[in-house]
Amino acid sequence: MKILVINTGSSSIKYELFDMDNHLAMASGMAEKIGEDTSLIIHKRILPNGESAEKMEGVLIADHHEGMKRIVDLLVDPELGPIQDKSDISAIGHRVVHGGETFHSTTIIDEKVIAAIKENIPLAPLHNPPNLVGIEVARSVFPDATQVAVFDTAFHQTIPMKAFLYAIPFDMYRKNRVRRYGFHGTSHAYVAQRAADYMGQPLVELNLITIHLGNGASMAAVKLGKSVDTTMGMTPLAGLVMGTRSGDVDPALPFFMANHLGMSLRDIDEILNKDSGLKGLCGTNDMRDVIEKKNAGDDRARIALEVYAYRIKKYIGAYFAALGSLDVVVFTAGIGENAPYIRELSCSGLNGLGIEIDEERNYGTGSGIREISSQKSKVKVLVIPTDEELEIAQETKTVLQKTLME
Ligand code: ADP
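Structure report, in brief. (Residues numbered from 1 in each chain as written. Predicted model: local features only at pLDDT ≥ 70, side-chain atom pairs only at ≥ 80, totals over all residues. Heavy atoms only, no water.)

Another point: the packing of helix H11 (residues 299–323) against helix H13 (residues 340–347). Relative to each other, H11 and H13 sit at 50°, their axes nearing to 8 Å. Classified by the interaxial angle, the pair formed by H11 and H13 is oblique. H13 is crossed by H11, and the crossing has right-handed handedness. Each of Leu305, Glu306, Tyr308, Ala309, Ile312, Lys313 and Ile316 in H11 lies in contact with H13, whose residues at this interface are Tyr341, Ile342, Leu345, Ser346 and Cys347. Within the contact of H11 with H13, the residues separate by chemical class into 9 nonpolar, 1 polar and 2 charged. (Axes fitted to C-alpha atoms, helices over the stretch in contact; angles between N-to-C directions. Helix = DSSP H or I, 4+ residues; strand = E, 2+ residues; numbered from the N terminus. Parallel < 35°, antiparallel > 145°, perpendicular 65-115°, else oblique. Left-handed = near helix turned anticlockwise from the far one by under 90°. Contact = heavy atoms within 4.5 Å. Nonpolar A, V, L, I, M, F, W, Y, C, P; charged D, E, K, R; others polar.)

Another aspect to go through is helix H15 (residues 388–405). Under the 1.5 Å per step criterion, the end-to-end length of H15 is 26 Å for 18 residues, consistent within 8% with the ideal 26 Å. All of the buried residues along H15 are Glu388, Leu390, Glu391, Ile392, Ala393, Thr396, Lys397, Val399 and Leu400. (Expected span 1.5 Å × (residues − 1). Buried < 20%, exposed > 50% of the residue type's maximum accessible area, 1.4 Å probe, protein only.)

Of note, Glu270 is situated in helix H8 (residues 265–274). When the C-alpha atoms of Glu270 and Tyr15 are compared, they prove to be 28 Å apart, with 255 residues separating the residues in sequence.

Note on soluble globular proteins: their nonpolar side chains tend to be buried together. If you look at the biggest cluster of nonpolar residues, it comprises 43 residues, and the most contacted ones within it are Leu213 and Tyr308. Of all elements in the fold, only strand S9 (207–213), strand S10 (217–223), helix H9 (277–282), helix H10 (287–295), H11, strand S12 (328–332), H13 and strand S14 (380–383) reach the threshold of two or more residues within this core. Counting residues per element, this core draws most heavily on H11, at 10 residues. Once residues within four sequence positions are removed from consideration, Tyr308 is found in contact with Leu213, Ala217, Val241, Leu278, Met287, Ile335 and Ile342. (Core = buried A, V, L, I, M, F, W, Y, C linked by side-chain atoms within 4.5 Å.)

Proximity of charged atoms lets side chains of opposite charge pair with each other. Tallied over the full model, the rule gives 18 salt bridges. Among the ionic pairs, Asp197 bridges to Arg194, the shortest N-O distance being 2.8 Å. Taken together, the positions of Asp197 and Arg194, both in helix H6 (residues 185–199) and 3 residues apart, correspond to about one turn of that helix. Here Asp197 falls in the partly exposed class, since its relative accessible area comes to 43%. Here Arg302 makes a salt bridge to Asp299, at a shortest N to O gap of 3.3 Å. Separated by 3 residues within a single helix, Arg302 and Asp299 lie in helix H11, roughly one turn from each other. Looking at Arg302, the relative accessible area reads 33%, which means it is partly exposed. Asp299 gets classed as exposed once you look at its relative accessible area, which sits at 51%. Where salt bridges share partners, they join Lys55, Glu57, Arg70 and Asp73 into one cluster. (Salt bridge = Lys/Arg side-chain N within 4 Å of Asp/Glu carboxyl O.)

With respect to the secondary-structure elements, Lys294 resides in helix H10. Despite being buried, Lys294 has no salt bridge partner; Glu344 is the closest side chain of opposite charge, sitting 8.0 Å away. With near-sequence residues (within four places) excluded, Lys294 lies in contact with Ala301, Arg302, Leu305 and Tyr341. (Lys, Arg positive; Asp, Glu negative; His and termini not counted.)

In short, geometric facts, not functional conclusions.
Put into structure tokens, the structure is as follows:
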């Protein structure tokens, strides 16, 4: 069974084609700068032996529809395409950012589902509209494939009310659905399951803290297979320090920025989302550069890393308390998988909680799942490469099989 995973942004379409009989990626790529005169497509064909061939083409892509048609051309290309005809694709799995309270799990897309994703636009005005464009375009280009929506928020719909309510007038929750939702759900779900596989225990018997550190970053407390708390909130701005996002700040900060610094709402939004985090603290948002600067003696980079890791450590403590007991801590995504210094700083001094990292293992290299806790650490600390696209493909396959059996 071939499943195409699509992640549509306002000017981009990312895609990955999987052969779900063996869970291997067959092709991946991205159409970028759609609607601009510098639009381009990068396409990669992946062979079963892991070898790959890549092509980059600068072509004018007027809109998402044209972009999707060009992607199909590449997927069926005699040299670069792994399939012969678009009808080989059984289903399209769409990443949809905000499912609000409507969606608790992966769902087959029909008119009602589209209407519900539209209803959730006020909660994710930047993300849900392009996701809807992706769905519309895929439905017209692949009329015979089943379209499936996988929501970033769905995994966190098990968070209890005491953890998702903000202490503001209750009507804002009841009427406007203002609450914590959380994001990166596919990644937290994927690495939690991989961790359970590694432990050789069912996920429903384990308590985990999953730490996703990419450009965006979030943590989840996963109790017996269910998310019970997460650091992002109604929007992805809350929680951890990120590349350019502030994470948690005093909620009165925007009033100070407006009243004393004369900033507009738009300026404040821009500063907290695009000019804060690592970038705000030390001038660069790329973790590799921040670590390089720190190693070269840059004090601002050093303190930025300390602020970054201290926030993670604080949430590990908080989630230990929320879970009651802890079996596994998982680090994942670009920084979590590749920055041993951040893992070391975040876990230092947590021996009291039974968390102890082994320096040699932490700084060692290797691919796949790696155990970096010491022999005597009560809690296992794992580095697990995330694969959100594969998780979307897997969830898509699961709902498809369920409907075929019904
Ligand atoms: P996204 O959220 O866009 O998917 P990624 O998961 O790819 O992001 O993570 C991007 C982050 O990972 C960047 O800050 C990048 O600097 C960091 N990163 C990637 N490789 C390394 C590395 N070897 N050491 C430190 N940080 C790294």
